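As a plain string of letters, each chain reads:
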Amino acid sequence: MTAEEVVNEGHIAIEGEDITPKKDGGVLKLVKKEGAGAELPMTGDKVFVHYVGTLLDGTPFDSSRDRGEKFSFELGKGQVIKAWDIGVATMKIGEICQLICKPEYAYGAAGSPPKIPPNATLVFQVELFEFRGEDITEDEDGGIIRRIITKGEGYTKPNEGASVEVCLEGRHEDRVFDERELKFEVGDGESLGLPPGVEKALQSMEQGEEALFTIKPKYGFGTAGSENFNIPPGATLQYKITLKAFEKAKESWEMNSIEKLEQSAIVKEKGTQYFKEGKYKQAAVQYKRIVSWLEHESSLQGEEEEKAKALRLAAHLNLAMCYLKLQDPNPALENCDKALELNANNEKALFRRGEALVVMKEFDRARADFQHVAQLYPANKAAKSQILLCQKHIKEQHEKDKRLYANMFQKFAERDAKEAAEQEKKPNGSVMEIDENGAQEQTAA
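A few points on the structure. (Residues numbered from 1 in each chain as written. Predicted model: local features only at pLDDT ≥ 70, side-chain atom pairs only at ≥ 80, totals over all residues. Heavy atoms only, no water.)

Thoughts on the sheet that holds strand β11 (residues 144–150)
- Overall, antiparallel pairing links the 6 strands, which are arranged β10-β11-β14-β15-β12-β13 in an open sheet. Of all the strands in the sheet, just β10 (134–135) and β13 (175–185) have a single pairing partner and so form its edges.
- Taken together, the 2 bridges between β10 and β11 define a ladder with antiparallel strand orientation. Within β11, the residue paired with Glu134 across the bridge is Arg146. (Pairing = 2+ DSSP bridges. Helix = DSSP H or I, 4+ residues; strand = E, 2+ residues; numbered from the N terminus.)

Here you go:
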């Protein structure tokens, strides 16, 4: 049906352009007020609208304007009736339109009692105020915003370790700095020059999806930038990514105990190779997978149980070393504690915990760990050196505290002496005070 075709039914003229993909007349749109610009909202965008809904006879059944609050939803996600997902996707900012929605694109044969009867054709007047991309970060900090160009198929998405085949284009301002087709495992992206945000983006995508991602510096190349791509520090990036194909890595629950052991041994070697190449973040990703697979595995017995324990211990020790290299002492400390739960006198765990505590300036605790190492492993000369270093830091701190307190007490003494001198200068006699009635009365000082 075209905009010129008009059929009167009840009190509202059914007119407008058929905007359904099937061209079956299920959603007719009539523009009441033109919008601004050329950009339209995309699948996944959060849109903000006002609407008034009526039946064909003009009976109102819902209005966001009456509530005084705009209505928002994620476009194309099935959060609203089909007619809305279709209709709002054709609107520009500031546009007001009328949507006439047949039952199969609204509430169907069931209706929505008590206000919407079965098989009802509905009329909506909709005004679009704003739309913005979907925030896909865990903390919803606006660091990675997605706008879907072409929706993918299915519901599964790549996970950590998944094999992916992608086509990507990276832009900074108006310059294309990266344009490639790649096959790799999620977790290996940094070795290919991809910022962390790209791998996070991939884990939100469906097969066949094409999407635009705006990536803030935190998830991009950070404060360092990228010399290889000539990206300055603190740059916001735009990536157009097509996920052509992927194969998910097996989740923990999909593997039996033997598979977990086998895969853990494989990723341990992979992590060690990354570590040798100085790629500490990628190495940490591999070691974390071992922990996730084996930490709660309780079905192993005998030799297999010992293998699992050894792999877990190695994973925690190596994670601690990765985080020390990355100057991140807190997770290093946590992984040392986990390793010591498995082996209370482990030399590397005690030593690395001491190193983490030194970075955190907790020199007393660090010295205790190094002393424990020296006691258990007398040949460890590095521990003895660290004990001396900790003692030096502790002594320096004591001297600093001593000077601080000495100055503080001196200031207190000078203040007290000053107050005493001022008190002595005051003449004996009387002072004037105010009674409850506001009258002045004399009392002794």
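We are not done yet, so read on.
Some details on the layout of surface pockets
- Space inside the largest pocket adds up to approximately 890 Å³.
- Considering the residues around the largest pocket, the lining is formed by 26 residues, among which Glu160, Pro196, Lys200, Val285 and Lys288 are closest to the centre.
- Of all the elements in the fold, those that place two or more residues in the lining of the largest pocket are α3 (196–202) and α5 (280–294).
- When residues of the lining of the largest pocket are assigned to their parent elements, the largest contribution, 5 residues, is made by α5.
- In this structure, the second largest pocket spans a volume of roughly 300 Å³.
- Forming the walls of the second largest pocket are 16 residues, and the residues nearest its centre are Gly161, Ala249, Lys250, Gln263 and Arg289.
- Broken down by element, the residue count for the lining of the second largest pocket peaks at 6 residues, all from helix α4 (residues 257–276).
- Among the residues making up the lining of the second largest pocket, the classes are represented as 5 nonpolar, 3 polar and 8 charged. (1 Å grid on protein atoms, 1.4 Å probe; cavity = no way out; pocket = protein on both sides within 12 Å on 5 of 7 lines; lining within 4 Å. Points joined across faces, edges and corners; volume = space filled by probe spheres on them. Nonpolar A, V, L, I, M, F, W, Y, C, P; charged D, E, K, R; others polar.)

Here's the deal with the pairing of strand β6 (residues 60–63)
- For strand β5 (residues 46–55) and β6, the ladder comprises 3 bridges, and the chain directions are antiparallel. When the bridges of β6 are listed, Val52 appears paired with Ser63.
- Taking the residues between adjacent antiparallel strands as the criterion, β5 and β6 are bridged by 4 residues, where Gly58 takes a positive phi near 90 degrees.

Observations regarding helix α6 (residues 302–325)
- For α6, with 24 residues, the first-to-last C-alpha span of 35 Å sits near the 34 Å given by 1.5 Å per residue.
- Every buried residue of α6 is listed here: Ala308, Leu311, Leu313, Ala314, Ala315, His316, Leu317, Leu319, Ala320, Cys322, Tyr323 and Leu324.
- Considering only its buried residues, α6 is in contact with α4, α5, α7 (329–342) and α8 (347–359). (Expected span 1.5 Å × (residues − 1). Buried < 20%, exposed > 50% of the residue type's maximum accessible area, 1.4 Å probe, protein only. Contact = heavy atoms within 4.5 Å.)

So, the packing of α5 against α6
- The interhelical angle for the contact between α5 and α6, taken along N-to-C directions, is 150 degrees, at an axis separation of 9 Å. Here α6 runs roughly antiparallel to α5, going by the angle between their axes. The handedness of the crossing between α5 and α6 is left-handed. Listed contacts from α6 to Tyr280, Ala283, Ala284, Tyr287, Lys288, Ile290, Val291 and Leu294 of α5 are Ala308, Leu311, Arg312, Ala315, His316, Asn318, Leu319, Cys322, Tyr323 and Lys325.
- Within the contact of α5 with α6, the residues separate by chemical class into 13 nonpolar, 2 polar and 3 charged. (Axes fitted to C-alpha atoms, helices over the stretch in contact; angles between N-to-C directions. Parallel < 35°, antiparallel > 145°, perpendicular 65-115°, else oblique. Left-handed = near helix turned anticlockwise from the far one by under 90°.)

A look at the pattern of salt bridges
- All chains considered together, the criterion is met by 27 salt bridges.
- The shortest N-O distance in the salt bridge between Asp188 and Lys270 comes to 3.2 Å. A residue pair is termed long-range when its members are at least 10 positions apart, and Asp188 in the loop between β13 and α3 and Lys270 in helix α4 qualify at 82 residues.
- Here the residues in one salt-bridge network are Glu74, Lys77, Glu134, Arg146 and Glu209, joined through shared partners. (Salt bridge = Lys/Arg side-chain N within 4 Å of Asp/Glu carboxyl O.)

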